[in-house]
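Letter by letter, the chains look like this.
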Amino acid sequence: MSKTNKTIAEKMQELNSYVAWFDSDDFTIEQALDTYKKAQTLATEIETELQALKNDITVLKKKFDA
Amino acid sequence: MEKSTIRLPLFSVSDFVAALNQSLEYAYPQVGIEGEVAEFKVNQGKFVFFTLKDASASVGCFMTVWQLRMPIEDGMKVVVTGIPKVTAWGKFSITVQAIRPSGQGNLKRSFELLKAKLAEEGLFVTDRKRILPRIPHSVGVISSTQAAGYADFMKLVNDRWGGIKINVAHVQVQGEGAADQIMRAIDYFNGSSMPPEVLVIIRGGGSADDLSVFNDELLVRAVAGSRIPTLTGIGHETDESLVDLVADVRAVTPSNAAQLLVPDRREIITELRHKQVSMISRVQAAMTTIQTETNRAMSDMYTLLVRRCDMLLAETTQARRLLVAFDPQTVLQKGYAMIRGHLAVGAAVEIETQYKLITAEVTYVKDK
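Draft legend 1. Quick peek at the overall build of chain B. Per the secondary structure count, chain B includes 10 helices and 13 strands. In chain B, buried positions account for 38% of the 368 residues. The contacts of chain B with a sequence gap of at least 6 include a subset with a gap of at least 24, amounting to 60%. Carbon and sulfur atoms make up 57% of the accessible area of chain B, which amounts to about 22,200 Å² in all.

Pasting the structure below:
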């Protein structure tokens, strides 16, 4: 899978669909290697993105005392 | 000698009451009084009257029902904050601005009364609870940024996950005015054009009195009315507030709130690796299955081949036995003889036995 603008959640969903294919009746040994390579690339991409993610924290200037 | 006279100020009654109130206002612009509630009553559903007393004195109190943020009843020890005042008809009273139960027993009693009331309204039912998004993109946090609980929460959220837009409303989380500030923050987030997906209310541990803010009726109703799903992390595991009960999800501590809000990236990375291993295992299992099936097919074929060969061998043996049975030599060995030639009187015929060849002349022929 090529790098896209998908969110991590979407990528996880895609990865889960690959994993599900391995357990489905559609599984064939001929396609397994190709699918595995795609899944592995996606998993590496997710892992890299996960480790790099930072939260964007803003303390609001608005006062709530009145 | 002329008697000196002191000129006393002369007031009208109204002026006197006004001057008295002015003096009171100057001396005691606001007072806090602790005492026991007696003769508590609500008139016309709007006006609250009660007497605040101790062993040797009592004072009348007045407030509106909207200022009553926690249930109060006779015999309850409370702290009132208010303004002392003499009314136009000369009665001294405290115009109450805030009232809260004092002492753990009274706080607990007030908590139970309000809990029962709100439970009857259905505010705590499970059907009202909404599910939080598994991975929120935006979060509104309502807390004091100076509180230890807030620091614990933020540290854990940052450790566990990233990529979230977090807006923090810094509010007071204990004492007078705290409930109002939290309510304003809830209103602010709910009124936002881009509201966060989750609203988190954070407050670390504290005394029952400190945490009583989260049993404020108006605040509880504001949390219940939030259109943004709410998550609370208030106090320690043993603390339970009405805001906790009404929130969509209740965490037992601020740290636990972080755990419920976002997944742990380390767990997901481990999960990713497990997924890869499971895919490899699946391929290996498929290959093992194919190999097993191939071996079984080969074995079946060999068994069939051997069986077919055995059948052919048995048929050949049977044929050979028949051939042997039909061999003329076998008949001669049994003592029989074969005669060749023309069977007519005077003709010569050849007789063959097991060991001899004989030529003989036919002397008599007769049909049987």
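Draft legend 2. Spotlight on the sheet that holds strand S10 (residues 249–251) of chain B. Strand order across the open sheet formed by six strands is S1(A)-S7(B)-S6(B)-S8(B)-S9(B)-S10(B), with parallel pairing between neighbours. Whereas interior strands pair on both sides, the edge strands pair on one side only; in this sheet they are strand S1 (56–59) of chain A together with S10 of chain B. Looking at each pair of strands side by side, their axes are set apart by 20 degrees on average, direction ignored.

Draft legend 3. Representation of the pattern of salt bridges in the model. Residue and element names in this part refer to chain B. Inspection of the entire model under this criterion finds 23 salt bridges over all chains. A salt bridge links Glu 240 to Lys 115; the nearest nitrogen and oxygen atoms lie 3.8 Å apart. Taken together, the positions of Glu 240 in the loop between strand S9 (230–234) and helix H7 (242–246) and Lys 115 in helix H2 (residues 104–120) put the pair 125 residues apart, joining distant regions of the chain. Of the charged contacts, one joins Glu 271 and Lys 275 as a salt bridge, the two residues approaching to 3.5 Å between their closest N and O atoms. Linking Glu 271 with Lys 275, this pair stays in helix H9 (residues 265–326), spanning four residues, or about one helical turn. Within this structure, Lys 117, Glu 121, Glu 217 and Arg 221 form a network of salt bridges that share partners.

Draft legend 4. Broad picture of the interface of chain B and chain A. Listed as interface residues are 37 residues of chain B and, on the opposing side, 31 residues of chain A. With both chains or domains summed, chain B and chain A bury close to 3,100 Å², and 66% of this area falls on carbon and sulfur atoms. Contact with chain A buries surface across chain B, with Leu 272, Met 279 and Arg 282 of chain B losing the most and accounting together for 19% of the total. At the junction of chain B and chain A, the tally comes to three salt bridges. The salt bridge involving Arg 282 of chain B is made with Asp 23 of chain A; its shortest N-O contact spans 4.0 Å. Remark: the boundary between chain B and chain A carries 18 residue pairs in polar contact (both at pLDDT 80 or more). Of all the secondary-structure elements, those providing two or more residues to the side of chain B that touches chain A are helix H3 (148–160), strand S7 (165–170), helix H4 (178–191) and H9 of chain B. Sort the elements by how many residues they give to the side of chain B that touches chain A and H9 of chain B lands first, with 16 residues. Residue composition of the side of chain B that touches chain A, by class: 21 nonpolar, nine polar and seven charged.

Draft legend 5. Molecular detail of the sheet that holds strand S11 (residues 338–341) of chain B. Residue and element names in this part refer to chain B. On the basis of which strands lie adjacent, the open sheet formed by three strands has the order S11-S12-S13 and antiparallel pairing. Each edge of the sheet is formed by a strand with only one pairing partner; in this case those strands are S11 and strand S13 (357–361). Averaged over all pairs of adjacent strands, the angle between their axes in this sheet comes to 30 degrees, without regard to strand direction. Relative to S13, strand S12 (residues 348–352) runs antiparallel, the two being bridged by five bridges. Within S13, the position partnered with Glu 350 by the bridge is Thr 359.

Draft legend 6. Expanded view of the environment of Asn 43 of chain B. All names here are of chain B. As for its position among the elements, Asn 43 is in strand S1 (residues 31–43). Using a relative accessible area of 30% as the deciding quantity, one classes Asn 43 as partly exposed. When the C-alpha positions of Asn 43 and Thr 64 are compared, they lie 9.5 Å apart, and in sequence the two are 21 residues distant.

Draft legend 7. Region of interest: the nonpolar core. Ranked by size, the top nonpolar core spans 43 residues in total, and within it Val 141, Phe 153, Val 200 and Leu 261 of chain B carry the most contacts. Sorting the residues of this core by element identifies helix H1 (8–23) and helix H2 (29–52) of chain A together with strand S6 (138–143), H3, S7, strand S8 (198–203), helix H8 (254–261) and H9 of chain B as the ones contributing at least two each. There are two domains that each give this core at least three residues, and those are domain 2 (135–261) and domain 3 (264–326) of chain B. Discounting chain neighbours no more than four positions away, the residues touching Val 141 of chain B are Tyr 150, Phe 153, Ile 166, Asn 167, Val 168, Ala 169, Phe 189, Val 200 and Ile 202 of chain B.

Draft legend 8. Local environment of H9 of chain B. For H9 of chain B, built from 62 residues, the straight-helix expectation of 92 Å at 1.5 Å per residue is met to within 8% by its first-to-last C-alpha distance of 91 Å. Looking at H9 of chain B, one finds that the buried residues are Arg 265, Ile 268, Ile 269, Leu 272, Lys 275, Gln 276, Met 279, Val 283 and Ala 286 of chain B. Structurally, H9 of chain B contributes buried residues whose contacts are with H1 and H2 of chain A together with H3 of chain B. Where H9 of chain B begins, one side-chain oxygen reaches toward the backbone nitrogen of Arg 266 of chain B, 3.0 Å away; that side chain belongs to Asp 264 of chain B.

Draft legend 9. Quick look at the pairing of strand S4 (residues 77–86) of chain B. Residues and elements named next belong to chain B. When you tally the buried positions in S4, you get seven out of 10 residues, the bulk of the element. Taken together, the six bridges between S1 and S4 define a ladder with antiparallel strand orientation. Across the sheet, the residue bridging to Gly 32 is Thr 81, located in S4. Inspection of the sheet shows S4 paired to strand S5 (residues 92–101) by nine bridges, in the antiparallel sense. In the strand pairing of S5, Lys 85 is matched with Ser 93.

What counts, and at which threshold
Residues numbered from 1 in each chain as written. Chains lettered and ligands numbered in written order. Predicted model: local features only at pLDDT ≥ 70, side-chain atom pairs only at ≥ 80, totals over all residues. Heavy atoms only, no water. Helix = DSSP H or I, 4+ residues; strand = E, 2+ residues; numbered from the N terminus. Buried < 20%, exposed > 50% of the residue type's maximum accessible area, 1.4 Å probe, protein only. Contact = heavy atoms within 4.5 Å. Areas by Shrake-Rupley, 256 points an atom, 1.4 Å probe, with all protein chains shown as cover. Pairing = 2+ DSSP bridges. Axes fitted to C-alpha atoms, helices over the stretch in contact; angles between N-to-C directions. Salt bridge = Lys/Arg side-chain N within 4 Å of Asp/Glu carboxyl O. Buried area = accessible area lost by both parts, 1.4 Å probe. Polar contact = N/O pair within 3.5 Å; in protein donor to acceptor, adjacent residues only side chain to side chain. Nonpolar A, V, L, I, M, F, W, Y, C, P; charged D, E, K, R; others polar. Core = buried A, V, L, I, M, F, W, Y, C linked by side-chain atoms within 4.5 Å. Domains from an automatic or database assignment. Expected span 1.5 Å × (residues − 1).

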